[in-house]
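Here's the letter readout for the chains.
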Amino acid sequence: MAASLVMPSPASSSTAAMASSLFARGHTNLLGGSEYGSRIYAPNCVKCEMAEPINVNGKPIIPVVNERTLPKFLESARLAKSVNRSSSRLKLFSGSANPALSQEIAWYMGLELGKINIKRFADGEVYVQLGESVRGCDVFLLQPTCPPVNENLMELQIIIDACRRASARNITAVIPYFGYARADRKTQGRESIAAKLVANLVTKAGADRVLACDIHSGQSIGYFDIPVDHVYCEHVILDYLASKSICSGDLVVVSPDVGGVARARAFAKKLSDAPLAIIDKRRHGHNIAEVMNLIGDVKGKVAVMVDDMIDTAGTISKGAALLHEEGAREVYACCTHAVFSPPAIERLSSGLFQEVIVTNTIPVADKNYFPQLTILSVANLLGETIWRVHDDSSVSSIFQ
């Protein structure tokens, strides 16, 4: 891991000027153009005058940004004197789902990941043993429930149980990607509401609190009988877009379906109050082709499609094709969770998108890299949130 640790230089003044032109109205907390967190680039993919990516054994490295290059909204939070950042009672443990993100969070916080032994028996059962004492400690377990979902979910519960039986004072499950979140309601008879079931499993395992990023639907937070801190990663993407030379008058934010209108509207408001367009998708029956209609004007515009996740990329790629038909100049796809189930890569790399911007809440396999892909790190955001939860400080004030 040591070979992959690099410190990029602070943002240039020209980048800051571009950020100011994009975030011109009412959102000065996002100005400054400093790169937020880290970015993982596909090979030969360089954006925004950043340092060239370095390959180690043919794989793109994970650059880590020091706190001097944080965006202003997080920098002010980082310097807040009210937050205690020197507690010896805070412990971080990582599951096996996304160890790279866990290591980045630990680097940001100036801590070492706790020692933990996780292995699988021949029959697939998970074994967990903590390698150090957590008695009386405030423990944070870093484990997204990404594919393979069931294995990672079971591993999380076993780690929680191990911490509870080791007499941890508080156990917070940090779940950057909350699997089963889409099963949040009954759309037909005799269906399961799996999101509620998973919430019960995490609670019964012994978690005292959950910290999650961009849960698919807000009502899923209510399925937990313990406190939930919902972290919005849109600020990571907004800061990145602010570093690009796009005139605010040319922007239009697009919701790929009617269900994502509220998310897209909030994103557009922060993006210089950009206009909003909506793709209305209707299916009149089984095995009948979808009819897609566009609400709004995108002709000659730079369209930014916003969603919480990209799974098979069917909806977002069809929406991008419609936007091009309606005269959009460029199309960007932005999401927090890069699930990338087949055939997502083929669809996303087909030339419909100028750039596909995601975060590293889910690790992206090497085989899934393509030239238009940009991955932003949420490590600093999660690290700052963990500090504030541990110190009983406000989390929402980070984004104000």
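Residues numbered from 1 in each chain as written. Predicted model: local features only at pLDDT ≥ 70, side-chain atom pairs only at ≥ 80, totals over all residues. Heavy atoms only, no water.

Draft legend 1. Broad picture of the pairing of strand 15 (residues 330-338). Within strand 15, eight of the nine residues are buried, which leaves the element mostly enclosed by the surrounding structure. As defined by bridge partners, strand 14 (residues 302-310) adjoins strand 15 across eight bridges and the pair is classed as parallel. Residue pairing in the sheet places Ala303 in a bridge with Val331 of strand 15. Once you follow strand 14 into helix 8 (residues 314-325) and on to strand 15, the crossover reads as right-handed. Where strand 15 and strand 16 (residues 355-359) come together, three bridges link them in parallel fashion. Bridge pairing links Tyr332 to Glu355 in strand 16. (Buried < 20%, exposed > 50% of the residue type's maximum accessible area, 1.4 Å probe, protein only. Helix = DSSP H or I, 4+ residues; strand = E, 2+ residues; numbered from the N terminus. Pairing = 2+ DSSP bridges. Right-handed = clockwise from strand over helix to strand, strands pointing away.)

Draft legend 2. Summary view of the packing of helix 3 (residues 99-109) against helix 10 (residues 379-390). Where helix 3 contacts helix 10, the axes come no closer than 8 Å and their chain directions differ by 60 degrees. If you check the angle between helix 3 and helix 10, you find them oblique. Where helix 3 crosses over helix 10, the handedness of that crossing is right-handed. When helix 3 is examined against helix 10, the residues Leu101, Glu104, Ile105, Tyr108 and Met109 are found in contact with a partner set consisting of Ala379, Asn380, Leu382, Gly383, Glu384, Ile386 and Trp387. In terms of residue class, the contact of helix 3 with helix 10 is made up of eight nonpolar, two polar and two charged. (Axes fitted to C-alpha atoms, helices over the stretch in contact; angles between N-to-C directions. Parallel < 35°, antiparallel > 145°, perpendicular 65-115°, else oblique. Left-handed = near helix turned anticlockwise from the far one by under 90°. Contact = heavy atoms within 4.5 Å. Nonpolar A, V, L, I, M, F, W, Y, C, P; charged D, E, K, R; others polar.)

Draft legend 3. Broad picture of the pattern of salt bridges. As enumerated under the stated definition, the model contains 14 salt bridges in all. Measuring nitrogen to oxygen at the nearest pair gives 2.8 Å for the salt bridge that ties Arg209 to Asp229. A residue pair is termed long-range when its members are at least 10 positions apart, and Arg209 in strand 9 (residues 209-213) and Asp229 in strand 10 (residues 228-231) qualify at 20 residues. Under the relative-accessibility criterion, Arg209 is labelled partly exposed at 25%. Ionic pairing is found between Arg263 and Asp308, a salt bridge with its closest N-O pair at 3.8 Å. Here Asp308 lies in strand 14 and Arg263 lies in helix 7 (residues 261-270), a separation of 45 residues in the sequence. Via salt bridges that share partners, Arg120, Glu151 and Glu155 belong to a single interconnected network. (Salt bridge = Lys/Arg side-chain N within 4 Å of Asp/Glu carboxyl O.)

Draft legend 4. How the structure looks around the packing of aromatic side chains. Scanning all chains against the criterion turns up three aromatic pairs. Centre to centre, the rings of Phe178 and Phe224 are 5.6 Å apart; their planes meet at 55 degrees, and the pair counts as tilted. Placement of Phe178 in the loop between strand 8 (170-175) and helix 5 (194-205) and of Phe224 in the loop between strand 9 and strand 10 is noted, with a sequence separation of 46 residues between them. As far as the burial class goes, Phe178 and Phe224 line up, both buried. Ring centres 6.4 Å apart and planes at 55 degrees place the aromatic pair Phe340 and Phe370 in the tilted group. Taken together, the residues Phe340 in the loop between strand 15 and helix 9 (344-348) and Phe370 in the loop between strand 16 and strand 17 (373-376) connect sequence positions 30 residues apart. Residue Phe340 is classed as buried on the basis of its relative accessible area of 6%. Here Phe370 falls in the buried class, since its relative accessible area comes to 4%. Over the face of the ring belonging to Tyr127 we find Lys119, whose NZ or CZ atom lies 5.1 Å from the ring centre. (Phe/Tyr/Trp six-rings, centres within 6.5 Å; stacked < 30°, edge-to-face > 60°. Lys NZ or Arg CZ within 6 Å of the ring centre and 35° of its normal.)

Draft legend 5. Highlighting the nonpolar core. Residues Phe267 and Ile386 are the most contacted members of the largest nonpolar core, which totals 44 residues. Ranked by residues supplied to this core, first place goes to helix 10 with six residues. Leaving out residues up to four positions away in the same chain, Phe267 has contacts with Glu234, Ile237, Leu238, Leu241, Val253, Val304 and Val306. Counting residues in hydrophobic clusters, the runner-up holds 33 residues, among them Leu141, Ile160, Ala181 and Val198. (Core = buried A, V, L, I, M, F, W, Y, C linked by side-chain atoms within 4.5 Å.)

Draft legend 6. Representation of the state of the cysteines in the model. Going through the model one piece at a time under the given rule, you end up with zero disulfides. In this structure Cys334 is not part of a disulfide, and its nearest cysteine sulfur, from Cys335, lies 8.2 Å away. Given the relative accessible area of 1%, Cys334 is considered buried. (Disulfide = S-S within 2.5 Å.)

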